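# Overview (structure and organization)
These are the residues of each chain, in order.
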Protein chains: 4
Amino acid sequence: MTETKPNLSEQLTSIKQKHIIDAAIRVFSEKGFHRAKIKDVAKEAGIADGTVYNYFASKKELLLAVLNELNETEARPAQFENLNSTDLETLFLKQMQHRFNFMFAKKEVLQAVLPEIISDSEIRELYFDAIISPTLKMGEQAFSEVLTEPSVSSEALTRALAGSLFGLLLLNLLGDDETEKHVAEILGFLAKSFASNLERKIA
Amino acid sequence: MTETKPNLSEQLTSIKQKHIIDAAIRVFSEKGFHRAKIKDVAKEAGIADGTVYNYFASKKELLLAVLNELNETEARPAQFENLNSTDLETLFLKQMQHRFNFMFAKKEVLQAVLPEIISDSEIRELYFDAIISPTLKMGEQAFSEVLTEPSVSSEALTRALAGSLFGLLLLNLLGDDETEKHVAEILGFLAKSFASNLERKIA
Amino acid sequence: MTETKPNLSEQLTSIKQKHIIDAAIRVFSEKGFHRAKIKDVAKEAGIADGTVYNYFASKKELLLAVLNELNETEARPAQFENLNSTDLETLFLKQMQHRFNFMFAKKEVLQAVLPEIISDSEIRELYFDAIISPTLKMGEQAFSEVLTEPSVSSEALTRALAGSLFGLLLLNLLGDDETEKHVAEILGFLAKSFASNLERKIA
Amino acid sequence: MTETKPNLSEQLTSIKQKHIIDAAIRVFSEKGFHRAKIKDVAKEAGIADGTVYNYFASKKELLLAVLNELNETEARPAQFENLNSTDLETLFLKQMQHRFNFMFAKKEVLQAVLPEIISDSEIRELYFDAIISPTLKMGEQAFSEVLTEPSVSSEALTRALAGSLFGLLLLNLLGDDETEKHVAEILGFLAKSFASNLERKIA
DNA sequence: AATGAATGAGGTTTCATTCAT
DNA sequence: GATGAATGAAACCTCATTCAT
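Everything numeric here is computed off the predicted structure, so don't read it as measured data. (Residues numbered from 1 in each chain as written. Chains lettered and ligands numbered in written order. Predicted model: local features only at pLDDT ≥ 70, side-chain atom pairs only at ≥ 80, totals over all residues. Heavy atoms only, no water.)

On to the overall build of chain A. Per the secondary structure count, chain A includes 10 helices and 0 strands. Along its sequence from the N terminus, chain A presents helices and strands in the succession α-α-α-α-α-α-α-α-α-α. Counting the 203 residues in chain A, one finds 49% classified as buried. Partitioning the contacts of chain A with sequence separation of at least 6, the portion at a separation of at least 24 is 70%. (Helix = DSSP H or I, 4+ residues; strand = E, 2+ residues; numbered from the N terminus. Buried < 20%, exposed > 50% of the residue type's maximum accessible area, 1.4 Å probe, protein only. Contact = heavy atoms within 4.5 Å.)

This part takes up the side chain of Asp120(A). By the secondary structure assignment, Asp120(A) is in the loop between α6 (107-119) and α7 (121-146). Note on Asp120(A): relative accessible area 7%, which makes it buried.

Right, let's talk about the packing of helix α8 (residues 154-173) of chain A against helix α10 (residues 183-196) of chain B for a bit. Across the interface, α8(A) lies against α10(B) with an axial gap of 9 Å and an inter-helix angle of 65 degrees. Relative to α10(B), α8(A) is oriented so that their crossing is right-handed. Contacts between α8(A) and α10(B) involve Ala156(A), Leu157(A), Arg159(A) and Ala160(A) on the former and, on the latter, Glu185(B), Ile186(B), Phe189(B) and Leu190(B). (Axes fitted to C-alpha atoms, helices over the stretch in contact; angles between N-to-C directions. Left-handed = near helix turned anticlockwise from the far one by under 90°.)

Our focus in this paragraph is the interface of chain B and chain A. At the junction of the two partners, chain B supplies 49 residues and chain A supplies 51 residues. The largest per-residue losses of area from chain B upon contact with chain A belong to Ile118(B), Leu174(B) and Phe189(B), which jointly make up 17% of the total buried on that side. Here chain B and chain A share 6 salt bridges between them. Where Arg35(A) meets Asp120(B), a salt bridge forms, and the shortest distance between an N and an O atom there is 3.7 Å. At the boundary of chain B with chain A, the tally comes to 13 residue pairs in polar contact (both at pLDDT 80 or more). At the level of secondary structure, the elements contributing two or more residues to the side of chain B that touches chain A comprise α6 (107-119), α7 (121-146), α8 (154-173), α9 (177-181) and α10 of chain B. Here the side of chain B that touches chain A gets 14 residues from one element, more than from any other, and that element is α8(B). Of the residues that constitute the side of chain B that touches chain A, the class distribution is 23 nonpolar, 15 polar and 11 charged. (Buried area = accessible area lost by both parts, 1.4 Å probe. Salt bridge = Lys/Arg side-chain N within 4 Å of Asp/Glu carboxyl O. Polar contact = N/O pair within 3.5 Å; in protein donor to acceptor, adjacent residues only side chain to side chain. Nonpolar A, V, L, I, M, F, W, Y, C, P; charged D, E, K, R; others polar.)

Okay, the protein's contact with DNA strand F next. Surrounding DNA strand F, one finds 27 residues, the nearest of these being Lys37(A), Thr51(B), Tyr55(B), Tyr53(C) and Thr51(D). Among the atoms of DNA strand F close to the protein, meaning within 4 Å, 71% are from sugar or phosphate groups. Lys16(B) has a polar side-chain atom sitting 3.2 Å from a phosphate oxygen of DNA strand F. Here a base nitrogen of DNA strand F and a backbone polar atom of Gly50(B) are 3.3 Å apart. Every element with two or more residues in the surface near DNA strand F is listed here: α3 (49-55) of chain A, α3 (49-55) of chain B together with α3 (49-55) of chain D. Considering only residue class, the surface near DNA strand F consists of 12 nonpolar, 9 polar and 6 charged. (Near = heavy atom within 4 Å.)

Moving on to the protein's contact with DNA strand E. Near DNA strand E, the surroundings consist of 28 residues, among which Thr51(A), Tyr53(B), Thr51(C), Tyr55(C) and Lys37(D) are the closest. Expressed as a percentage, the sugar and phosphate content of the atoms of DNA strand E within 4 Å of the protein is 71%. At 3.2 Å, a side-chain N or O of Lys16(A) approaches a phosphate oxygen of DNA strand E. With respect to DNA strand E, the side chain of Thr51(A) contributes an N or O atom lying 2.7 Å from a phosphate oxygen.

This next bit is on the relation of the copies chain C and chain D. Turning chain C through 179 degrees and shifting it by 0.0 Å along the axis lays it on chain D, with an RMSD of 0.2 Å. The superposition of one copy onto the other is thereby described by a two-fold rotation axis. (Least-squares fit on C-alpha atoms with pLDDT ≥ 70 in both.)

So, about the nonpolar core. Phe28(A), Phe92(A), Tyr127(A), Phe28(B) and Phe92(B) are the most contacted members of the largest nonpolar core, which has 137 residues in total. Among residues more than four places away in sequence, those in contact with Phe28(B) are Phe33(B), Ala36(B), Val41(B), Leu62(B), Leu63(B), Val66(B) and Ala112(B). Within the second largest apolar cluster, 136 residues are counted, among which are Leu70(C), Leu88(C), Phe166(C) and Phe28(D). (Core = buried A, V, L, I, M, F, W, Y, C linked by side-chain atoms within 4.5 Å.)

Moving on: the pattern of salt bridges. A full pass over the atoms with the stated rule returns 47 salt bridges over all chains. Ionic pairing is found between Asp40(B) and Lys31(B), a salt bridge with its closest N-O pair at 3.5 Å. Accessibility expressed as a relative area gives 22% for Asp40(B), which makes it partly exposed. Using a relative accessible area of 31% as the deciding quantity, one classes Lys31(B) as partly exposed. One connected set of salt bridges, linked through shared partners, spans Arg35(A), Lys60(B), Glu116(B), Asp120(B) and Glu122(B).

Residues and elements named next belong to chain B. Its location among the elements puts Phe-33 in the loop between α1 (8-31) and α2 (38-45). Using a relative accessible area of 10% as the deciding quantity, one classes Phe-33 as buried. For the pair formed by Phe-33 and Ala-112, sequence separation is 79 residues and the distance between their alpha carbons is 6.5 Å.

All right, on to the relation of the copies chain B and chain A then. Mapping chain B onto chain A is achieved by rotating through 180 degrees and translating by 0.1 Å along the same axis, at an RMSD of 0.2 Å. Here 100% of the interface residues in chain B have copies in chain A that are interface residues too; the copies meet face to matching face.

Residues and elements named next belong to chain B. With phi around 35 degrees, Glu-149 is a residue other than glycine that occupies positive phi space. Following the sequence through the fold, Glu-149 ends up in the loop between α7 and α8. Classification of Glu-149 by relative accessible area gives exposed; the value is 75%.

The next point concerns a nonpolar patch on the surface. Together, Leu8(A), Leu12(A) and Ile15(A) give the surface a local cluster of nonpolar side chains, amounting to about 320 Å² of exposed area. With respect to the element layout, Ile15(A) can be found in helix α1 (residues 8-31). (Patch = residues over 30% accessible without salt bridge, like charges linked within 9 Å, V, L, I, M, F, W, Y side chains within 5 Å. Areas by Shrake-Rupley, 256 points an atom, 1.4 Å probe, with all protein chains shown as cover.)

Right, let's talk about the interface of chain C and chain D for a bit. Counting residues at the interface gives 51 residues for chain C, matched by 51 residues for chain D. Of all residues in chain C, Ile118(C), Leu174(C) and Phe189(C) bury the most surface against chain D, accounting for 17% of the area lost on that side. Seen at the junction of chain C and chain D, the total is 6 salt bridges. Between Arg159(D) and Asp176(C) there is a salt bridge, with its nearest N and O atoms 2.6 Å apart. Across the chain C-chain D interface, the total number found is 13 residue pairs in polar contact (both at pLDDT 80 or more). Counting only elements with at least two residues in the side of chain C that touches chain D, the list comes to α1 (8-31), α6 (107-119), α7 (121-146), α8 (154-173), α9 (177-181) and α10 (183-196) of chain C. The element that contributes the greatest number of residues to the side of chain C that touches chain D is α8(C), accounting for 14 residues. When the residues that make up the side of chain C that touches chain D are grouped by side-chain class, the tally is 24 nonpolar, 15 polar and 12 charged.

Let us look at helix α1 (residues 8-31) of chain D. For an α-helix, 3.6 residues make a turn, and residues three or four places apart therefore share a direction. Residue and element names in this part refer to chain D. Here α1 contains 24 residues, and its C-alpha end-to-end distance of 35 Å stays within 8% of the 34 Å for a straight helix at 1.5 Å per residue. All of the buried residues along α1 are Ile-20, Ile-21, Ala-23, Ala-24, Ile-25, Val-27, Phe-28 and Ser-29. Just past α1, the residue Gly-32 takes up positive phi, approximately 90 degrees. (Expected span 1.5 Å × (residues − 1).)

Before going further, it helps to spend a moment on the packing of aromatic side chains. Under the counting rule described, the total for this entry stands at 18 aromatic pairs over all chains. Ring centres 5.1 Å apart and planes at 85 degrees place the aromatic pair Phe28(B) and Phe33(B) in the edge-to-face group. The same class applies to Phe28(B) and to Phe33(B), which are both buried. Put simply, the rings of Phe189(A), Phe194(A), Phe189(B) and Phe194(B) pair up and form one aromatic cluster. Here the basic side chain of Lys59(B) rests over the ring of Phe33(B), its NZ or CZ set 4.5 Å away from the ring centre. (Phe/Tyr/Trp six-rings, centres within 6.5 Å; stacked < 30°, edge-to-face > 60°. Lys NZ or Arg CZ within 6 Å of the ring centre and 35° of its normal.)

All right, on to the side chain of Glu116(D) then. As for its position among the elements, Glu116(D) is in helix α6 (residues 107-119). Accessibility expressed as a relative area gives 5% for Glu116(D), which makes it buried. Dropping the residues within four chain positions of it, Glu116(D) is found in contact with Arg35(C), Phe33(D), His34(D), Leu63(D) and Ile123(D).

Attention now moves to the packing of α6(A) against α7(A). Residue and element names in this part refer to chain A. At a closest axis distance of 5 Å, the pairing of α6 and α7 adopts a crossing angle of 115 degrees. Our classification of the angle between α6 and α7 gives roughly perpendicular. The two elements α6 and α7 meet at a crossing, and its hand is left-handed. On α7, the residues that touch Leu-110, Glu-116, Ile-117, Ile-118 and Ser-119 of α6 are Ser-121, Ile-123, Arg-124 and Tyr-127. When its residues are assigned to classes, the contact of α6 with α7 shows 5 nonpolar, 2 polar and 2 charged. (Parallel < 35°, antiparallel > 145°, perpendicular 65-115°, else oblique.)

Okay, here's the thing in structure tokens:
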């Protein structure tokens, strides 16, 4: 029963961890995980090298903590507010905008972490199971509930939508500034297109 | 008629370089660039460590050569056979299938190289200028020639299409096997959707 | 009065650098710069290989630090005590003894560093500009002030004297023990000979 | 008895060895023994890397062959032509000029080899026993025969003279161009000085 | 808890030497 | 005899991690 306050020192620890993680995100995303040195992270965080190890067991643990940053909020399902009454195009648009904005806000983290997700199978599986897979499942579920006699499987539709968003982010990460400039237009076009051949269930 | 044979030793060098590049692709894509050691590449190629350096000045040069491997074939524009007479949906579909198949065939290399492209700004710029940018430009040009009073800018349309494809590949690289399973369906849906709100110029 | 103490940690660093430099001098002079490995220096200094690099950026930097060791004290001009009242022979003798003793005390360092000075043009120029040239200039100046209607140019005289001393040291470095045994006699003879045909200005 | 012609192929071998040695001298003296690569020597000689090893067992053997270059002619005692009738100053001058010219002609070889002589004890002993020691002995002998009641031991005198010459060369190797410019004057001064306090035996 | 100097395993790269052609 | 590609031992250097202060 004595759980009361989550321990002052624990809170402090948590705050300092967050501080280091933020520094790590900046450094990792700028230099890449392997080129970034613990010394760089420590300097960015304004602490000593050794101090990092008081909060993270290893450099890889720190990376996993950064990865977890995505988890934290990504998991939070979009507030499907009052989407019941909107048409499909608007629903798609809202959803895609929401997702894209979220990813875009996390662009730095993704840049820091994506290379490792792609190249390290251990991390890849972790990320896939923790984030990608559930997100896709959620999407499939949502679509199957919302669509009437769809001409595409919800698996395919989910991947078309998710893929489009991932792709836009990737284009941006790869250096294409135009993508960023035309986001609104692109998302609008995508939403309209995807909605063209589908019909919403009447609630 | 005798196109001066490009020097026997040059040919040999080229073949051996290719041999090492192929080994590097396998090793890089399995372990990732940084976890892959020159020793690994050499072993995979069946040669001594030092021999690698007879063909590539440094590990990074080897990576660039791998990167170049993408260039080699990527540049080849799709044979726009008799696409003149087809409708827009079919045209999109053919194009996307072509591109996707190409990227998918290079999946291993991309997995090896993408992390570095994302995290190393030097390589990123190189790759963007050499491949991404020209490809996007080509797309923009093609669309502007083909469409009648499009409701989207060719920049946006290009990125919607390219992004979708990149995104599918990325989903697959991240471990989603479903993407691979449903490719045909997804591409079909994408083509149909994108074509829905556009009209082709009458030739 | 309290001359700000030069920072404790700076002092420590300086002491440790000196410790490594001393070890390097011993190892370089015994094995020669190239045959001496960083591992050897570290072992001689009783530290780990990597620690050397906490104090010197590279092996060559360490060599330059060793070189600088000569600079440190070489610069100190001989105390021309009361040389005003002495005859030329005595003045030459005192000077030569002073110089020779100094060089002889630095014999180990010179043996460590001389080969590189001779064979590395970068280091050669550094050493020449920092030490040889100023020393010769000083000599020329001193002689021109001290001699009456000399039959030799001060440039030539300086080089005769400096050369003699360098030569003796070199003979010794090359393994001639007799040189060391007869130093006193040789220097005496040199001083007397050089003074024979010159006359001192009357102060 | 069948020694006849020294075998044509032996002659060829000897010529080619000399060719490689000359290339080595140029390369070693410019870059220093350790910085010089066998590839550099081969290129300078206009042959393949491997060919060097048909004529010298190892890089060090090549260095010893270069060292031997000094031996070849150095050993040849100066033709003490008709020095009987000259005064001591002239005799010294002639001798020193002869020696100095010889050393100066071999400057490149010395620059190539001296660093190793100083830093490699094996080579040092070889060189000392083969060249320095006999030369000094010869000098001692000559002086003891020529001087009447000398005020210096022949050991000391020999070293004073030899040292002066070595020293001038060293000054020059270290980069002092003035030495070269004033050689005549310096040697003249040295000869006159050394002769000042000595007297020649009357033949 | 924070520090940062010390550590040393391990990686990239060099290059003398070998040897099949 | 000449060649030069292949070799692989060994060196320099980096940097994640430890630990005494």
